[in-house]
Amino acid sequence: MRSYLDGLVHPAATVDPVVFARHRAFIATRLIPGLIALSALPLFLAFQGVPGLVETIAFGWLVLPIAIATFLSRTGAYQQAHLFSAAALTGIVSVIAVLSGGLASFIVIWFALVPAEAVLSGSRRVVTSAAAMVVAAVGVIGALQLTGALMPTTLGSTHLAVAGFASVAAAVIYALSLALSAVMVSRAGEEVHSVGEQRYRLLAENMTDLITCHSRNGAVVFASPAAERVVGVPSYALHGQSLFDRVHVADRPAYLNALSIAASRHIEAAAEFRLRREDTIDGQPAFIWMEMRSRPLSGSGDGQQVVSVLRDVSERKQHESAVDAAREEADRANEARGLFLANVSHELRTPLNAINGFSEMLMHEEAMRLDQARRHEYATLIRDSGEHLLNLVNSILDMSKIESGHFEITPEPFALPPLVKQCVQMMDLKASGAGVALTADLPEAVEEVVGDKRAYRQILLNLVSNAIKFTKPGGSVTIGLRRDGGWLSLSVTDTGIGIAAKDLPRLGSPFFQARSSYDRPYDGTGLGLSVVKGLAELHGGRLEITSQVGRGTRVTLRMPMDCEAHGQVAPLPLAAPVPAIDKPQEGRKIA
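Note that the coordinates shown come from a computational prediction; the quantities given were computed from them, not determined experimentally.

Engineer: Lay out the overall build of the chain with the relevant residues and their values.
Structural biologist: Summing up its helical and strand segments, the chain has 16 helices and twelve strands in all. Sorting the 591 residues of the chain into buried and exposed places 40% on the buried side. Taking the intrachain contacts of the chain between residues at least 6 apart in sequence as the baseline, contacts between residues at least 24 apart amount to 65%. Counting only carbon and sulfur atoms, one obtains 59% of the accessible surface of the chain, whose full area is about 31800 Å².

Engineer: An account of unusual backbone geometry is needed here, citing residue identities and associated values.
Structural biologist: Keep in mind that most residues, glycine aside, have a negative phi and that most peptide bonds are trans. In this model, H266 sits at a positive phi of 60°, which is unusual for a non-glycine residue. Summarising the element assignment, H266 is placed in the loop between α10 (252–265) and β3 (269–277).

Engineer: Any chance you could break down a nonpolar patch on the surface for me, citing the residues and the numbers?
Structural biologist: A contiguous nonpolar surface patch, about 240 Å² in accessible area, is contributed by I109, V168 and V172. Position of I109 among the secondary structure elements: in the loop between α4 (78–99) and α5 (113–119). With relative accessibility at 40%, the residue I109 sits in the partly exposed group.

Engineer: Explain α4 to me, using residue names and the numbers behind them.
Structural biologist: Helix length check: α4 (22 residues) gives 32 Å between terminal C-alpha atoms against 32 Å at 1.5 Å per residue, within 8%. Remark: G101 follows α4 within two positions and exhibits a positive phi of approximately 110°.

Engineer: Could you give me a rundown of the nonpolar core, with the residues and numbers involved?
Structural biologist: In terms of nonpolar packing, the biggest core is built from 39 residues, with L416, L438 and I479 touching the most fellow members. Mapped onto this core, the elements with two or more residues apiece are α14 (416–434), α15 (453–469), β9 (476–484), β10 (487–494), α16 (528–538) and β12 (552–560). Element by element, the count of residues in this core is highest for α15, at eight residues. When neighbours within four sequence positions are excluded, L438 is seen to be in contact with V424, M427, D428, A431, V464, I468 and V477. Counting 36 residues, the second largest nonpolar core, distinct from the first, contains A28, L31, I96 and A118.

Engineer: Could you give me a rundown of the sheet that holds strand β4 (residues 286–296), with the residues and numbers involved?
Structural biologist: Spatially, β2-β1-β5-β4-β3 is the arrangement adopted by the five strands of the open sheet, whose pairing is antiparallel. The open sheet has two edge strands with one neighbour each: β2 (220–223) and β3. Taking each pair of neighbouring strands and ignoring which way they run, the sheet shows an average axis angle of 30°. The pairing of strand β1 (residues 210–214) with β2 spans three bridges and is classified as antiparallel. Pairing of H214 across the sheet is with V220, part of β2.

Engineer: Tell me about the pattern of salt bridges, and name the residues and values.
Structural biologist: Tallying each qualifying case throughout the model produces 14 salt bridges. The partner of K317 in a salt bridge is E320, with the nearest N and O atoms 4.0 Å apart. Of this pair, K317 and E320 both sit in helix α11 (residues 314–363), three residues apart, roughly one helical turn. For K317, a relative accessible area of 18% translates into the label buried. Taken together, the shared-partner salt bridges in this structure form one network comprising E268, E272, E291, R293, R316, K317 and E320.

Engineer: Which residues make up the packing of aromatic side chains, and what values do they have?
Structural biologist: This structure, assessed with the given rule, holds five aromatic pairs. Summarising the aromatic geometry, the rings of F414 and Y456 are spaced 5.4 Å apart at their centres and angled 75° between planes, so their arrangement reads as edge-to-face. Remark: Y456 occurs in helix α15 and F414 occurs in strand β6 (residues 412–414); sequence separation between them is 42 residues. If you follow R252 out to its NZ or CZ, it ends over the ring of F244, 4.9 Å from the centre. Geometry around W289 places K317 over its ring, the cationic atom sitting 4.5 Å from the centre.

Engineer: Could you give an account of α16, naming the residues involved and the relevant values?
Structural biologist: Taken across its eleven residues, α16 has eight buried, putting it largely inside the fold. For α16, every residue scored as buried is listed here: G528, L529, S530, V531, V532, G534, L535 and A536. Backbone geometry just after α16 places G540 at a positive phi near 85°.

Engineer: Can you break down the pairing of β10 residue by residue, with the values?
Structural biologist: Most of β10 is tucked away, with eight of its eight residues classed as buried. Judged by which residues are buried, β10 turns out to be covered on both faces: W487, S489, S491 and T493 on one side and L488, L490, V492 and D494 on the other are all buried. Two elements, β9 and β10, share eight bridges in a ladder whose sense is antiparallel. Paired with L481 across the strands is L490, a residue of β10. Turn length for the β9-β10 hairpin, with the two strands adjacent in sequence and antiparallel, is two residues, and the turn residue G485 shows positive phi of about 65°. Strand direction decides the pairing type here: β10 and β12, joined by eight bridges, are antiparallel. Looking at β12, one finds that L490 is bridged to L557.

Engineer: Can you lay out the packing of α4 against helix α6 (residues 124–147) for me, pointing to particular residues and giving the numbers?
Structural biologist: For the pair α4 and α6, the least separation of the axes is 10 Å and the interaxial angle reads 15°. Taken as axis vectors, α4 and α6 run roughly parallel relative to one another. Judged by the sense of rotation from one axis to the other, the crossing of α4 with α6 is right-handed. Only R125, V126, S129, A130, M133, V134, A137 and I141 of α6 make contact with α4, whose side of the interface consists of Q79, H82, L83, A86, A87, T90, S94, A97 and V98.

Engineer: Please provide a residue-by-residue account of the side chain of H10, values included.
Structural biologist: Note that H10 resides in the loop between α1 (2–8) and α2 (17–48). Here the side chain of H10 touches A12 through a polar contact of 3.1 Å, landing on its backbone nitrogen. Not counting the four nearest positions on each side in its chain, H10 is found in contact with L72, S73, R74, T75 and G76.

Engineer: Run through the confidence of the model for the chain, naming residues and quoting values.
Structural biologist: Of the residues in the chain, 80% reach a pLDDT of 70 or more, and the chain-wide mean stands at 79. Taken as a whole, residues 515–522 scores under 50 in pLDDT and shows 18 contacts with residues more than four places along the chain or in a different chain. For residues 567–591, every residue scores under 50 in pLDDT, and the model assigns this stretch 86 contacts once sequence neighbours within four places are set aside.

Here is what the cut-offs are and how they apply
- Residues numbered from 1 in each chain as written.
- Predicted model: local features only at pLDDT ≥ 70, side-chain atom pairs only at ≥ 80, totals over all residues.
- Heavy atoms only, no water.
- Helix = DSSP H or I, 4+ residues; strand = E, 2+ residues; numbered from the N terminus.
- Buried < 20%, exposed > 50% of the residue type's maximum accessible area, 1.4 Å probe, protein only.
- Contact = heavy atoms within 4.5 Å.
- Areas by Shrake-Rupley, 256 points an atom, 1.4 Å probe, with all protein chains shown as cover.
- Patch = residues over 30% accessible without salt bridge, like charges linked within 9 Å, V, L, I, M, F, W, Y side chains within 5 Å.
- Salt bridge = Lys/Arg side-chain N within 4 Å of Asp/Glu carboxyl O.
- Expected span 1.5 Å × (residues − 1).
- Core = buried A, V, L, I, M, F, W, Y, C linked by side-chain atoms within 4.5 Å.
- Pairing = 2+ DSSP bridges.
- Axes fitted to C-alpha atoms, helices over the stretch in contact; angles between N-to-C directions.
- Phe/Tyr/Trp six-rings, centres within 6.5 Å; stacked < 30°, edge-to-face > 60°.
- Lys NZ or Arg CZ within 6 Å of the ring centre and 35° of its normal.
- Parallel < 35°, antiparallel > 145°, perpendicular 65-115°, else oblique.
- Left-handed = near helix turned anticlockwise from the far one by under 90°.
- Polar contact = N/O pair within 3.5 Å; in protein donor to acceptor, adjacent residues only side chain to side chain.
- pLDDT = per-residue confidence, 0-100.

Printed below as a string of structure tokens:
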């Protein structure tokens, strides 16, 4: 029987379990009494004979619900079926009451069942309409009874007693069926609610995202158990304004704006903000990046609530930051390479012009009547220009090998002080020509170091050459050397023009020059210090630069005593203050 009744329910009512239960209860309470009435009709005819008017109307009323149940099964119009049922019940009760004594009739008790039946519809309109029908019917019957328009009943006292008993019994049975239907619908609703709660709780407890529900003013009224995993606190610790208090101060406007848009405009809104998390690895609070998507909660009434889903996107933010940093670095590298090409073209053009010009003059020495001293001068200039080009090409090749990992060093033990003195002698002529005092502050005894002697010489020559180039006449360049445990600190200090603080972090990057421009006052390609840094790192060393514009620069090189057995490079000690000079000088670049 249950499966048969389920099959009579309209397909549109099978989606919602509560609606399905209501439709099935309605069909059952109309169909079963009608079928019982039809099955009892032969017995009534056998014992009572031809029924009278009242009996005929009663049997017709019992059969009418079958038609109403069929209407609901075919159309699924639940409220209309209830209205038809209320009208049919009110009509049949009214007719029987008119024929059986008016308001004193045995059937009047059924008027109370009309609005009770309509309650099962769950519609205020249906209940109101059913009550209006009953009031109208009672009013009409009362008016007819007061005016004496009612026909006297033809039933005897025995028949009236039997009819009254049957009416009360039928009304009780029908009321019981309505109560059972109400219980069935209520139980179905409770089961649906329980299943829904279990389902949502299962989702909320196992989702990695944090789900929150916010009131109109943004206060949290619900937070899922994922709060423990996402924020590091129990869900109840986020209620009220606690979640708002954890949002980074700078991101609070975006957080509130997303909630406001979702509540006022009834559309989805999103925001990204930083949220304070408690149970970090080191035990200290830290901010994590959260993505929040908020939507208005349907059925929340005038005080519009908002449901939000918060997801930890810290890893994505880190990836985005890494991509942005890589892009910026690539842009800087492209810019530096562009400047390098411009500088190289400048550096190549000058000596090549000199070589071409002076060699052409030597080719026509007879026409120009050049003496021996002038020929010697021109030859010297050609040689110097050639050496400049050779040094430039060597720097480019060295930097290329270092960057590609093909530059190999040949470690060997050697004494460093003699190498420093040799470099001082090599650069002394250049320093004297520039009016710069070049000195070396060397300890009395320093053990031999293990490293590439040629690389050490190139490092010293590059650093000293840079220092002399950017120190104006009257200044000084000092080479310092000291032992620090298993490390050696080699420094070159000048009283030159200095380097701007914003350029210090990028010094040593290939092709970078401070104040790079076509009209720069100093020559160079920006590779000298890059080569120094690369050679130092090949030995396991580190490079540190401290400088002040107009006061001078100190470049400190920390190298292991034995590059073949060195460990991790320790942080460099702070350099001593750069000696001041009286006359400030212009900003410099590194060649």
